[in-house]
Amino acid sequence: MNLYVKNHGFRFELENLTRLFFPNEKIIVIKEFSSLEQPYIYTELSADIKVQVNIGEFFQALSVPDSPQITDKELEFAKLLYKILNKFTGVSQPWGLLTGVRPVKLFRKLIEEGSFEYAKNKFKNDFFVSEEKLLIAEETEKNEKRILNLSKPDSFSLYVGIPFCPSRCSYCSFVMASIGRAKALMTPYVDLLCEEIKHAAEIANRLNLKLETIYFGGGTPTTLTAQQLDKVIKTVNSSFNINTCREFTVEAGRPDTLTEDKLFALKENKVDRISINPQTTNDELLKNIGRKHTAECFFNAFELARKCGFDNINTDLIVGLPGDTLTSFKKSLDDVINLNAECITVHTLCMKRASTLTTNGVMLNRDDAKTAVKMLNYTHSRLTGNAYIPYYLYRQSRMVGNLENVGWSKKGCESLYNVYVMDETHTVLACGSGGVTKLKEPNGNYLQRVFNFKYPYEYIDRFDEMIKRKSQIIEFYNKYPVD
């Protein structure tokens, strides 16, 4: 698909919007041209805001007169393009023309700019968001408020990355190393990670920042041995002032990595929330997506975690897995509801470019999208009927059906960290390979990022170089002090 851009700089939003309707096609943006080649989308800013679409025998052109009263020309382009592509494909996108990661944050911003009714009207009439998605945006925004109000200008969260997994899932594109190939890296990685944690704590303590939440992610942190987990978590607890910490989460995502000694290592070190993620309880699907465990393994791991004293457990499920059916997904959701998991996070499959699914040629299609919609409708009905509330929501590009990921929880069991990260509420200090420290202006909206090296071997080989980057944290807070 050729996307022609003339006299304006809105190519990125228009390209992303085009991709919603043509997820499997390459979109070529052309700014210098003398003629138009089919299939094409032509956009021009002159006396009018113009959009033309010519695909095969289909042709339609829409325009509106440009004027000083049109303050958001990018939105006008998007509205015209959406209307034409909607007519051509017959597809109404559930989130309308929105392509961003954080629709709930946008909804809240509109409430602050105008009112609740202003935000609703904007979503419905300007962004073409469906009634169903508007409703879940409203519910999620309301449930986030209490959590967001806990954060103060001097607040921060800590992220610790463990980039090892038993194997790579077919839908995954995260930077990680399977333990079969990277086992020799694990001991030096853990040693250096502890050094980075100590260094980050020295900076946080020097700046008098207040720790709100801790999150161990990956990879799969419980790929480490019980002794390694104990060492890293003890380093966190002894280095940071954790008296103000409201939540300590560790991703124990792979059930086959959990043992009683690992769970006790977590519990004894003040970890109060874990994730055990089946993704599905269909054994055939688990095998097909590269998981090395069965549904029974998941159920056993969940029961073991309960016996070890964990009373806030999250489970992840994925909507739209290749080969999954509505009946199979319903069973998976019912299974985790029957376990009375405190949190159930329901992801929609995202076809990431670096994933095995994508490189093997699996594509997004409309039939999968229709099934995914039914799966999410069942999710909303069953979870609301069992006293779960939606408390955070985000979206990604190339998702099946252009849908969303939603975190559901029992009231009072919401993951504070997830809300803070998705809202970009406060600073997140990141340790470990692939970590990205996000520095948030204490009394404003400016964000600055400090990157760690992506791969474990880089992290180990260039550790001193990376540690020097932490000086940017002090420089940032000298420029944007906490009042």
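Just so you know, these numbers come straight off a predicted model, no measurement behind them.

Calculation criteria
- Residues numbered from 1 in each chain as written.
- Predicted model: local features only at pLDDT ≥ 70, side-chain atom pairs only at ≥ 80, totals over all residues.
- Heavy atoms only, no water.
- Disulfide = S-S within 2.5 Å.
- Axes fitted to C-alpha atoms, helices over the stretch in contact; angles between N-to-C directions.
- Helix = DSSP H or I, 4+ residues; strand = E, 2+ residues; numbered from the N terminus.
- Parallel < 35°, antiparallel > 145°, perpendicular 65-115°, else oblique.
- Left-handed = near helix turned anticlockwise from the far one by under 90°.
- Contact = heavy atoms within 4.5 Å.
- Nonpolar A, V, L, I, M, F, W, Y, C, P; charged D, E, K, R; others polar.
- Core = buried A, V, L, I, M, F, W, Y, C linked by side-chain atoms within 4.5 Å.
- Buried < 20%, exposed > 50% of the residue type's maximum accessible area, 1.4 Å probe, protein only.
- Salt bridge = Lys/Arg side-chain N within 4 Å of Asp/Glu carboxyl O.
- Pairing = 2+ DSSP bridges.
- Arc of directions from axis to C-beta.

Re the state of the cysteines
Next, step 1: With the rule as written, the count across this model stands at zero disulfides.
Next, step 2: Its sulfur unpaired, Cys 245 is 14 Å from the next cysteine sulfur, which belongs to Cys 431.
Next, step 3: Not engaged in a disulfide, the cysteine Cys 343 finds its nearest cysteine sulfur in Cys 413; these two sulfurs lie 5.9 Å apart.

Some words on the packing of helix H3 (residues 103-113) against helix H4 (residues 116-126)
Next, step 1: For the pair H3 and H4, the least separation of the axes is 7 Å and the interaxial angle reads 130 degrees. As the angle between them shows, H3 and H4 are arranged oblique. For the crossing formed where H3 meets H4, the hand is right-handed. Along the contact surface, H3 presents Pro 103, Leu 106, Phe 107, Leu 110, Ile 111 and Glu 113, while H4 presents Phe 116, Tyr 118, Ala 119, Lys 120, Lys 122 and Phe 123.
Next, step 2: A per-class count over the contact of H3 with H4 returns nine nonpolar, no polar and three charged.

Concerning the nonpolar core
Next, step 1: By size, the foremost hydrophobic cluster in this structure holds 123 residues, and its most contacted members are Phe 123 and Phe 240.
Next, step 2: Per element, the largest residue contribution to this core is 11 residues, and it comes from helix H6 (residues 179-206).
Next, step 3: Not counting residues within four places of it along the chain, the set of residues in contact with Phe 123 comprises Trp 95, Leu 98, Pro 103, Leu 106, Phe 107, Leu 110, Phe 128, Val 129, Leu 134 and Ala 137.
Next, step 4: Core analysis: the next-biggest nonpolar cluster, separate from the first, contains nine residues, Tyr 391, Tyr 394, Leu 416 and Tyr 420 among them.

Some points on the environment of Phe 156
Next, step 1: Summarising the element assignment, Phe 156 is placed in strand S6 (residues 155-162).
Next, step 2: Under the relative-accessibility criterion, Phe 156 is labelled buried at 1%.
Next, step 3: The residues contacting Phe 156, other than those within four sequence positions of it, are Ala 204, Leu 209, Lys 210, Leu 211, Glu 212, Thr 213, Phe 240, His 426, Thr 427 and Leu 429.

Digging into the pattern of salt bridges
Next, step 1: Under the criterion given, the structure shown has 28 salt bridges.
Next, step 2: Where Glu 424 meets Arg 102, a salt bridge forms, and the shortest distance between an N and an O atom there is 3.3 Å. Taken as a pair, Glu 424 in the loop between helix H14 (416-423) and strand S16 (427-431) and Arg 102 in the loop between helix H2 (73-89) and H3 lie far apart in primary sequence, 322 residues in all.
Next, step 3: Taking the relative accessible area as the measure of exposure, Arg 102 reaches 24% and is therefore partly exposed.

Some remarks on the pairing of strand S10 (residues 247-251)
Next, step 1: Across the five residues that make up S10, a large majority, five, are buried.
Next, step 2: Burial along S10 is two-sided: Glu 247, Thr 249 and Glu 251 and Phe 248 and Val 250, pointing in opposite directions, are all buried.
Next, step 3: Bridging between strand S9 (residues 210-218) and S10 involves four bridges; their strand directions are parallel. Within the sheet, the bridge partner assigned to Thr 213 lies in S10 and is Glu 247.
Next, step 4: In terms of strand pairing, S10 meets strand S11 (residues 273-275) through three bridges, oriented parallel.

Some remarks on the environment of Ser 67
Next, step 1: On the secondary structure map, Ser 67 appears in the loop between strand S5 (58-65) and H2.
Next, step 2: The exposure class assigned to Ser 67 is partly exposed, which follows from its relative accessible area of 22%.
Next, step 3: The spatial distance from the C-alpha of Ser 67 to the C-alpha of Glu 465 is 52 Å, given a sequence separation of 398 residues.

What about the packing of H3 against helix H5 (residues 131-148)?
Next, step 1: Packing of H3 against H5 brings their axes to within 9 Å, and their N-to-C directions diverge by 80 degrees. Comparing the axis directions of H3 and H5 gives the class roughly perpendicular. In this structure, H3 contributes Val 104, Phe 107, Arg 108 and Ile 111 to the contact, and H5 contributes Leu 134, Ala 137, Glu 138, Thr 140, Glu 141, Glu 144 and Leu 148.
Next, step 2: Class assignment for the residues of the contact of H3 with H5 results in six nonpolar, one polar and four charged.

Some words on the pairing of strand S17 (residues 436-440)
Next, step 1: Strand direction decides the pairing type here: S17 and strand S18 (residues 447-451), joined by five bridges, are antiparallel. Of the residues in S18, the one forming a bridge with Val 436 is Phe 451.
Next, step 2: Hairpin connection between S17 and S18: a loop of six residues separates the two successive antiparallel strands.

Digging into helix H8 (residues 260-268)
Next, step 1: All buried positions along H8 are accounted for by Lys 262, Leu 263, Ala 265 and Leu 266. The arc enclosing the buried residues of H8, seen along the axis, measures out at 155 degrees, which places them on a common side.
Next, step 2: Elements in contact with the buried residues of H8: helix H7 (226-239), S10, S11 and helix H10 (295-307).
Next, step 3: Lys 270 sits one or two residues past H8 and shows a positive phi near 75 degrees.

Re the sheet that holds strand S3 (residues 40-45)
Either a parallel or an antiparallel arrangement is found when strands of a sheet pair, and the pairing is made through backbone hydrogen bonds.
Next, step 1: A sheet is described by the order of its strands in space; here five strands give the open sequence S2-S1-S3-S4-S5, paired in mixed fashion. If you trace the sheet from one side to the other, it starts and ends with strand S2 (28-30) and S5, each paired once. Between one strand and the next, the sheet's axes are offset by a mean angle of 10 degrees, whatever the strand orientation.
Next, step 2: Pairing of strand S1 (residues 2-6) with S2, which is carried by three bridges, proceeds in the parallel orientation. Counterpart to Tyr 4 in the pairing with S2 is Ile 30.

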